[in-house]
Amino acid sequence: MALTPDDVVTKQFQHVRFKDGFDPDEVDDFLDEIVVEWRKALEENAELKTKLAAYESGETPAAPAAEAPAVVDEVPAPVVAAAPAPVSEASAGGPTTATAGIIELAQRLHDEHVAEGEAKKSQLISEAQAEVDRIRADAQAKEREESARLERERNTLEARITELRNFERDYRTQLRGYIEGQLRDLDEKSASTDSTPVSAIGL
């Protein structure tokens, strides 16, 4: 049975259980059938164009009226041979309509695939952007944490340096005071030794 545009429009595919969509094998078989009918329509269209061209070329010699009767007798032959052409051309509306229906179906399938691809692209872009934002947020959080840790370490080292400097200053002050005290004691002992009488020593 030839495929008609109504067959394309009213075709119902079986839904596949456990997942969305139609049975791929059934869709492929139907598309194969469409391709076969489409090729037949194209061949019929080309054949009709050839017949029409032959008919039009056969009409041209019949224009002059002053030709011999033999030429006039030849005129009906092309007309009779080409007479079915208008009928065939009129019947060509079926394949042409079928072709238009097939093209409409193909365009609809193409639009659905394009829309699905655009939706998938948008989803992938959104997921990638969310992943980028997450990675950036993690990196910024780690950077802030590392900066805070380094700041704490710097403050600790500066406090330790200040403590060591204060310790050094106090130690120097104490050491200087101790040395100066020892020098004063030596000076006092030396002075007292110099002022002691010789008799006091037992001489």
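Residues numbered from 1 in each chain as written. Predicted model: local features only at pLDDT ≥ 70, side-chain atom pairs only at ≥ 80, totals over all residues. Heavy atoms only, no water.

(A) Representation of the overall build of the chain within the structure. Counting secondary structure elements, the chain contains seven helices and zero strands. In sequence order, the chain lays out its α and β elements as α-α-α-α-α-α-α. When each of the 203 residues of the chain is scored for burial, the buried share is 9%. Put simply, of all contacts in the chain between residues at least 6 apart along the chain, 59% involve residues at least 24 apart. For the chain, the computed accessible surface area is about 16700 Å², with 58% contributed by carbon and sulfur atoms. (Helix = DSSP H or I, 4+ residues; strand = E, 2+ residues; numbered from the N terminus. Buried < 20%, exposed > 50% of the residue type's maximum accessible area, 1.4 Å probe, protein only. Contact = heavy atoms within 4.5 Å. Areas by Shrake-Rupley, 256 points an atom, 1.4 Å probe, with all protein chains shown as cover.)

(B) Spotlight on the environment of Leu105. If you trace the backbone, Leu105 turns up in helix 6 (residues 93-195). For Leu105, a relative accessible area of 9% puts it in the buried group. Remark: the alpha-carbon pair of Leu105 and Leu31, spanning 74 residues in sequence, is separated by 10.0 Å. Contact partners of Leu105, with chain neighbours within four places excluded, come to Val8, Phe30 and Ile34.

(C) Here's a closer look at the pattern of salt bridges. For the coordinates displayed, the defined rule picks out 12 salt bridges. Taken together, the shared-partner salt bridges connect Glu131, Arg134 and Asp138 into one network. (Salt bridge = Lys/Arg side-chain N within 4 Å of Asp/Glu carboxyl O.)

(D) Structural detail: the side chain of Glu26. Inspection of the secondary structure assignment puts Glu26 in helix 2 (residues 24-59). Leaving out residues up to four positions away in the same chain, Glu26 has contacts with Lys11, Gln12, Phe13 and Gln14.

(E) Spatial organisation of a nonpolar patch on the surface. Residues Phe167, Tyr171, Leu175, Tyr178, Ile179, Leu183 and Leu186 make up a contiguous nonpolar surface patch of about 760 Å² in total accessible area. Using a relative accessible area of 48% as the deciding quantity, one classes Tyr171 as partly exposed. (Patch = residues over 30% accessible without salt bridge, like charges linked within 9 Å, V, L, I, M, F, W, Y side chains within 5 Å.)

(F) Summary view of the nonpolar core. Judged by nonpolar contacts, Val8, Phe13, Phe30, Ile34, Ile102 and Leu105 together constitute the single largest core of six residues. Put simply, the parts of the chain that give this core at least two residues each are helix 2 and helix 6. (Core = buried A, V, L, I, M, F, W, Y, C linked by side-chain atoms within 4.5 Å.)

(G) Seen up close, the packing of aromatic side chains. Enumeration over the complete set of coordinates arrives at one aromatic pair. Measuring from ring centre to ring centre gives 6.2 Å for Phe167 and Tyr171, while their planes differ by 20°; the resulting arrangement is stacked. Taken together, the positions of Phe167 and Tyr171, both in helix 6 and four residues apart, correspond to about one turn of that helix. (Phe/Tyr/Trp six-rings, centres within 6.5 Å; stacked < 30°, edge-to-face > 60°.)

(H) Representation of a negative patch on the surface in the model. A cluster of like negative charges, contributed by Asp25, Asp28, Asp29, Asp32 and Glu33, occupies part of the molecular surface. Locating Asp32 in the fold gives a position in helix 2. (Lys, Arg positive; Asp, Glu negative; His and termini not counted. Charge placed at Lys NZ, Arg CZ, Asp CG, Glu CD.)

(I) How the structure looks around the confidence of the model for the chain. Per-residue pLDDT for the chain averages 76, and the proportion of residues at 70 or more is 69%. Within the chain, helix 4 (residues 76-82) has the poorest average pLDDT of any element, 38, and helix 6 the best, 87. Per-residue pLDDT stays below 50 along residues 60-92; that stretch engages in seven contacts with residues further than four places along the chain or on separate chains. (pLDDT = per-residue confidence, 0-100.)

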